[in-house]
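# Structural overview for review
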Amino acid sequence: MEFSQYAVDKLMFVANKPPVVFTEGQGSWLTDHAGKRYLDFMQGWAVNCLGHSPQCMQDALVTQGKKLINPSPAFYNEPALELAALLATRSCFDRVFFLSSGAEANEGAIKLARKYGKVHKNTAGQNRYEIITFNHGFHGRTLATMSASGKPGWDTIFAPQVDGFPKAEIGDLASVEKLITDKTVAVMLEPVQGEGGVIPAGREFMQGLRALTEKHGLLLICDEVQTGMGRTGELFGYQLYGIEPDIMTLGKGIGGGVPLAALLCTERVACFEPGDQGGTYTGNPLMTAVGLAVTKEMLKPGFLQTVKDTGSYLRRELLKLSERYGMQGERGEGLLRALQLGKDIGPAAVEAARDLQPTGLLINSPRPNLLRFMPALNVTKDEIDQMIVLLTQVLDKLA
Ligand SMILES: *Cc1c(COP(=O)(O)O)cnc(C)c1O
């Protein structure tokens, strides 16, 4: 296949992309238009939890595609019902609503919390609508989720923002407590800040936050778009910390690469009334059939234990690199990890890794001083070894 600059220039320009067109993917490997192979430790930003084109997803797409693609969200369908029941059984939640993207799920969580704050008013009889979120948090790219995010600069790009998202500091309970007013209805965070640089909220902070939100009658919302679906070695990230949130959102891994997301809540919080929430693609059987296949794969005996084991293996190997190059260590949970470079060589390392010959390596640098690793959850130790060899070639030149 030829690389067509003409066609590239017809796409709306929203990001600098390398002059590479990917044509095939299998497991941890991608192939580009020129036939070059890449070891993929990004996996579509932690989306392809079972790697590229796993058999169970292919089967679900073909089987469901032949059977029923979209009867309309006005009617029930089998895969959506089965997936909702499975997610509820495996979590602390009672109700599930399906959507197509993480941002949309978070938008739904924000609406649900605001509705709850309208039903459960403050002592002065006013609606509660403020949701405390965190600096460096990431919740998506719709106007409300950008406002909820704490990405530097995002408060001004599309000003005015959606109101009502005061920002606290992760790990600092006092910074949350300070922001609580009689308008506050919820606190929303990622159990591990992903885009912010793989920063785990930590057990002590999460338990403190759960106690604080309970004391003040606030909802706790976990954005598990990145940490959910086995990424941390637990099915859901909140399970790492021994707490139970009131609302959770899922995206990325739940579809294994196809657009599927979910909003979950406990029975007490499920206060939407007809007309409050909906969407054309809500719970369509094609995507939920894939989600069901992916979830069942993940619940097979030993799967999550293997994620924990390979996560520890990746951690050990990254620590060795850190020591070897005098870096600042690594952090993360399960197979969501970051190497703290100590210098702003992240973007250069990403480019050099991709350009390696004959085999490239795909990694990502959410902040200039770190590299993030989010391989397929079924990545092998051998593939981790291969990644380390490739990365070493890059760091020998840059670090
Ligand atoms: C990726 C991500 C989102 C946004 O999901 P989209 O599917 O891109 O809309 C939201 N929250 C977190 C924590 C994410 O990692």
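Residues numbered from 1 in each chain as written. Predicted model: local features only at pLDDT ≥ 70, side-chain atom pairs only at ≥ 80, totals over all residues. Heavy atoms only, no water.

## Quick look at the packing of aromatic side chains
Here is the rule: Two aromatic rings, drawn from Phe, Tyr or Trp (for Trp, its six-membered ring), form a pair once their centres lie within 6.5 Å of each other, and the interplanar angle then sorts them: stacked below 30 degrees, edge-to-face above 60, tilted otherwise. Under the scheme used here, helices are H or I runs from DSSP no shorter than 4 residues and strands are E runs no shorter than 2 residues, and both carry numbers assigned from the N terminus. Think of it in three bands: residues with accessible area under 20% of the maximum for their type are buried, residues over 50% are exposed, and the middle band is partly exposed, with areas taken using a 1.4 Å probe on protein chains only. Definition used: whenever NZ (Lys) or CZ (Arg) falls within 6 Å of the ring centre and also within 35 degrees of the ring normal, the charge is taken to sit over that ring.
In the structure shown here, the tally under the stated rule is five aromatic pairs. On the numbers, 5.1 Å between centres and 80 degrees between planes, the contact of Phe22 with Tyr38 is edge-to-face. Residue Phe22 is located in strand 1 (residues 22-26), and its partner Tyr38 is located in strand 3 (residues 37-40); the two are separated by 16 residues in the primary sequence. Under the relative-accessibility criterion, Tyr38 is labelled buried at 2%. A ring pair is formed by Phe93 and Tyr238, whose centres lie 5.8 Å apart and whose planes are at 85 degrees; its orientation type is edge-to-face. Within this pair, whereas Phe93 is found in the loop between helix 4 (78-90) and strand 4 (95-99), its partner Tyr238 is found in the loop between strand 10 (219-223) and strand 11 (247-250), the two being separated by 145 residues in sequence. The exposure classification of Phe93 matches that of Tyr238, with both residues buried. One aromatic cluster in this structure is built from Phe93, Phe236 and Tyr238. Note that Lys10 overlies the ring of Tyr6, its terminal NZ or CZ placed 4.5 Å from the centroid.

## A few points about the site of the ligand
Selection criterion: Each residue is tested against the molecule or strand, and it is near if at least one of its non-hydrogen atoms lies within 4 Å. Think of a polar contact as two N or O atoms within 3.5 Å of one another; within protein, one of them needs to be a possible hydrogen donor and the other a possible acceptor, and neighboring residues in sequence only count if both atoms come from side chains. Surface exposure here means Shrake-Rupley accessible area, sampled with a 1.4 Å probe, where a residue is shielded only by the protein chains that are shown. Classes in brief: Ala, Val, Leu, Ile, Met, Phe, Trp, Tyr, Cys and Pro nonpolar; Asp, Glu, Lys and Arg charged; the others, Gly included, polar.
Around the ligand, a shell composed of Ser101, Gly102, Ala103, Asn106, Phe138, His139, Gly140, Glu190, Asp223, Val225, Gln226 and Lys252 is seen. A distance of 2.8 Å is found between an oxygen atom of the ligand and a backbone nitrogen or oxygen belonging to Ala103. At a separation of 2.8 Å, a nitrogen atom of the ligand approaches a polar side-chain atom of Asp223. In isolation the ligand offers 390 Å² of accessible surface; the protein chains occlude 82% of this area. Counting residues per element, the shell around the ligand draws most heavily on helix 5 (residues 102-119), which supplies three residues. When the residues that make up the shell around the ligand are grouped by side-chain class, the tally is three nonpolar, six polar and three charged.

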